[in-house]
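For reference, the chains in residue letters:
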Amino acid sequence: MSIYAIGDIQGCATALNQLLEKIRFDPASDQLWLTGDLVNRGPESLETLRLVRSLGDSAIAVLGNHDLHLLAVAAGVKALDSQPTLSQVIDADDSDELLHWLRQLPLAHYDKDVGVLMVHAGLAPQWSLEAALGYAGEVERELAGPDYLDLLRHMYGNKPNRWNARLQGHDRLRFIINCFTRLRYCDRKGRLNLGLACAPEDAPPGLVPWFRIKGRASADVPIVFGHWSALGLIQETHLLGLDTGCVWGRNLTAARIDADGVGGLWCVDCAGLGAAGIR
């Protein structure tokens, strides 16, 4: 079995189909890991959800901030604004099935046989692998449960900005969601900065990519993530960043991450695929 991790799709189903052809993906024997943000901005959010869902157990996706935003809009707890790509999903005949499926997706996926963790954005510097999986599970249970609307109503906001194990209620769940789906920068004391999306070389002094924080508790864990198109492809020991800006007309990238194929990279050029971003 080959395992391929693919970066943020953001409603670019055409690019995803072309990339699957390029890697000769076989759902009978291979597996996809998708770093989240399946929807929004690109023109084919509905087609993307249908495609990924149709792959069943052959595709494992984690939730991104845009996926959670779709759930909030569909539930009526957040305004639609001007996002026609989300309307496609909400108005579809199979909307209920797709949204229910989306609510069951995890915030984090770890395969102990492969030894790799996948998240959409990042981890709080204080979290070990075991702690992170436990915190992800807290949100996943709420989101899949009967009171998920309450979670969606209270998940927006940038506070609290530093982890404390004594956090409770909405503050605790919001912090966990922000780490897994929105995080890029921290200051050197481990406080989150959620308003900055630029490349690290353009960041103000004192802010550091979450994975560069000294003493990060998850530093010995191989992590695959997306979310950060300004960062682009990053390949380091124990770190693989795969958001290469498909929706902005750049590339959609796949990396083979199982033991026999670590280091293999494939991408499709999205400039000619109609994948330019919808703001």
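Everything that follows concerns the structure shown earlier in this document.
Source: prediction; values computed, not measured. (Residues numbered from 1 in each chain as written. Predicted model: local features only at pLDDT ≥ 70, side-chain atom pairs only at ≥ 80, totals over all residues. Heavy atoms only, no water.)

## A closer look at the packing of helix H6 (residues 129-144) against helix H8 (residues 169-182)
A pair of packed helices is captured by two measures, namely the crossing angle of their axes and the spacing between those axes.
Working step 1: Between H6 and H8, the shortest axis-to-axis distance is 10 Å and the interhelical angle comes to 115°. Judged by the angle between their axes, H6 and H8 are roughly perpendicular. Crossing angle aside, the handedness with which H6 passes H8 is left-handed. Residues Ala 132, Tyr 135, Ala 136, Glu 138, Val 139 and Glu 142 of H6 form the contact with H8, whose participating residues are Arg 172, Leu 173, Ile 176, Ile 177 and Phe 180.
Working step 2: Partitioned by chemical class, the residues of the contact of H6 with H8 number eight nonpolar, no polar and three charged. (Axes fitted to C-alpha atoms, helices over the stretch in contact; angles between N-to-C directions. Helix = DSSP H or I, 4+ residues; strand = E, 2+ residues; numbered from the N terminus. Parallel < 35°, antiparallel > 145°, perpendicular 65-115°, else oblique. Left-handed = near helix turned anticlockwise from the far one by under 90°. Contact = heavy atoms within 4.5 Å. Nonpolar A, V, L, I, M, F, W, Y, C, P; charged D, E, K, R; others polar.)

## A short note on the side chain of Ser 218
Working step 1: Examined against the element boundaries, Ser 218 turns out to sit in the loop between strand S8 (207-209) and strand S9 (223-225).
Working step 2: Assessed through its relative accessible area of 0%, Ser 218 is described here as buried.
Working step 3: A polar contact of 2.7 Å, which involves the side chain of Ser 218, links it to the side chain of Arg 216.
Working step 4: Those residues in contact with Ser 218, other than ones at most four positions away along the chain, are Leu 123, Trp 127 and Ile 223. (Buried < 20%, exposed > 50% of the residue type's maximum accessible area, 1.4 Å probe, protein only. Polar contact = N/O pair within 3.5 Å; in protein donor to acceptor, adjacent residues only side chain to side chain.)

## Comments concerning the packing of aromatic side chains
Within a pair of aromatic rings, the relevant descriptors are the distance that separates the centres and the angle that separates the planes.
Working step 1: Counted by the stated rule, this structure contains twelve aromatic pairs.
Working step 2: Relative to Trp 163, the ring of Tyr 135 has its centre 4.6 Å away and its plane inclined at 50°; by these criteria the two rings are tilted. In this pair, Tyr 135 is assigned in helix H6 and Trp 163 in the loop between helix H7 (148-154) and H8, connecting sequence segments 28 residues apart. Exposure class is identical for Tyr 135 and Trp 163. Each is buried.
Working step 3: Measuring from centroid to centroid gives 5.7 Å for Phe 211 and Phe 225, while their planes differ by 40°, and the two rings are tilted. Of this pair, Phe 211 sits in the loop between S8 and S9 while Phe 225 is found in strand S9, placing the two residues 14 residues apart along the sequence.
Working step 4: An aromatic cluster is present here, built from Trp 127, Tyr 135, Trp 163, Phe 175 and Phe 180 joined pairwise through their rings. (Phe/Tyr/Trp six-rings, centres within 6.5 Å; stacked < 30°, edge-to-face > 60°.)

## Examining the nonpolar core
Working step 1: Core analysis: the largest hydrophobic core is formed by 84 residues, its most contacted members being Leu 32, Leu 38, Trp 127, Phe 180 and Leu 252.
Working step 2: When residues no more than four places from it in sequence are discounted, the contact partners of Leu 38 are Ile 9, Gln 10, Gly 11, Thr 48, Leu 49, Val 52, Ala 61, Asp 67, Trp 101, Leu 102 and Leu 105.
Working step 3: Counting twelve residues, the second-largest nonpolar core is a separate cluster that includes Val 116, Met 118, Val 224 and Leu 240. (Core = buried A, V, L, I, M, F, W, Y, C linked by side-chain atoms within 4.5 Å.)

## A look at the sheet that holds strand S12 (residues 251-256)
Working step 1: Taken in spatial order, the five strands of this open sheet run S3-S2-S1-S12-S13, and their pairing is mixed. Both edges of this open sheet fall to strand S3 (59-61) and strand S13 (265-269), since each of them pairs with a single strand only. Each strand of the sheet is rotated relative to its neighbour by a mean of 20°, with strand direction disregarded.
Working step 2: Relative to S12, strand S1 (residues 3-6) runs antiparallel, the two being bridged by three bridges. Bridging from a neighbouring strand, Ile 6 pairs with Ala 254 of S12. (Pairing = 2+ DSSP bridges.)

## Remarks on unusual backbone geometry
Working step 1: Of the consecutive residues Lys 159 and Pro 160, the connecting peptide bond is found in the cis state with omega at -5°.
Working step 2: Tracing the backbone through its elements, the reader meets Pro 160 in the loop between H7 and H8.
Working step 3: A positive phi is found at Gln 10, a non-glycine position, where the angle reads about 50°.
Working step 4: A positive phi angle, close to 55°, is found at Asp 37, a residue other than glycine.
Working step 5: In this fold, Asp 37 is placed in the loop between strand S2 (31-34) and helix H2 (45-54).
Working step 6: On the basis of relative accessible area, Asp 37 is assigned to the buried category, the value being 2%.

Scope: geometric values only; no functional claims are made or implied.
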